[in-house]
Amino acid sequence: MVVKATVAAIGQDAYEPAEPILILFGKDATPVLRDVALIQCFDGTATQQQLVPERGTKVQIDDQVYHVTHVATWPPRTCRRWAM
């Protein structure tokens, strides 16, 4: 399944070469999270709800492909809308 989102903002501390981690959050992220995350927007709620990130998922930003190696155990799936 392919789910597309638009990167709406990149936090000032979202990427550090020494710590190659990307944190993806939705437009409702708190100001603290906005500083360290890529803020993404989906075309619709249904698209966002279909996205269930798991280890091995590929995330492509332009021509660069990233592989999900860890997914936090929090928030639980019932709260995943906060983290998307």
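Let me sum up the structure you'll find in this document.

Each value, and the rule that gives it
- Residues numbered from 1 in each chain as written.
- Predicted model: local features only at pLDDT ≥ 70, side-chain atom pairs only at ≥ 80, totals over all residues.
- Heavy atoms only, no water.
- Helix = DSSP H or I, 4+ residues; strand = E, 2+ residues; numbered from the N terminus.
- Buried < 20%, exposed > 50% of the residue type's maximum accessible area, 1.4 Å probe, protein only.
- Contact = heavy atoms within 4.5 Å.
- Areas by Shrake-Rupley, 256 points an atom, 1.4 Å probe, with all protein chains shown as cover.
- Pairing = 2+ DSSP bridges.
- Axes fitted to C-alpha atoms, helices over the stretch in contact; angles between N-to-C directions.
- Polar contact = N/O pair within 3.5 Å; in protein donor to acceptor, adjacent residues only side chain to side chain.

## Re the overall build of the chain
Helix and strand counts for the chain come out as two helices and five strands. Ordered by position in the sequence, the α and β elements of the chain form the string β-β-α-β-α-β-β. Counting across all 84 residues of the chain, residues that qualify as buried make up 20%. The long-range share in the chain, meaning contacts at least 24 apart out of those at least 6 apart in sequence, stands at 47%. Put simply, the chain shows about 6600 Å² of open surface, and 54% of that area lies on carbon and sulfur atoms.

## Looking at the pairing of strand β3 (residues 38-42)
Of all five residues in β3, four are buried; the element is thus mostly enclosed. With five bridges connecting them, strand β1 (residues 5-10) and β3 associate as antiparallel partners. In the strand pairing of β3, Thr6 is matched with Cys41.

## Section: the sheet that holds β1
As summarised here, the arrangement of the three strands in space is β1-β3-β2, forming an open sheet in which the pairing is mixed. The open sheet terminates on both sides in strands that have one partner only, identified here as β1 and β2 (24-26). Averaged over all pairs of adjacent strands, the angle between strand axes in this sheet comes to 40°, irrespective of strand direction. Looking at chain direction, β2 and β3 are connected through three bridges and run parallel. Bridged to Leu24 within β3 is Leu38.

## Remarks on the environment of Arg55
For Arg55, the location among the structural elements is in the loop between α2 (45-50) and β4 (58-61). What makes Arg55 exposed here is its relative accessible area of 69%. Distance in space between the C-alpha atoms of Arg55 and His67 is 7.8 Å, their sequence separation being 12 residues. Dropping the residues within four chain positions of it, Arg55 is found in contact with Val68, Thr69 and Val71.

## Focus: the environment of Arg34
Relative to the elements of secondary structure, Arg34 occurs in helix α1 (residues 31-36). Arg34 sits in the partly exposed class, given a relative accessible area of 33%. Sequence spacing of Arg34 and Ile10 is 24 residues, and the spatial spacing of their C-alpha atoms is 7.6 Å. Dropping the residues within four chain positions of it, Arg34 is found in contact with Gly11, Lys27, Asp28, Ala29 and Ile39. Within the local environment of Arg34, its side chain forms a polar contact with the backbone oxygen of Ala29, the two atoms lying 3.4 Å apart.

Honestly, it's all geometry; don't read function into it.
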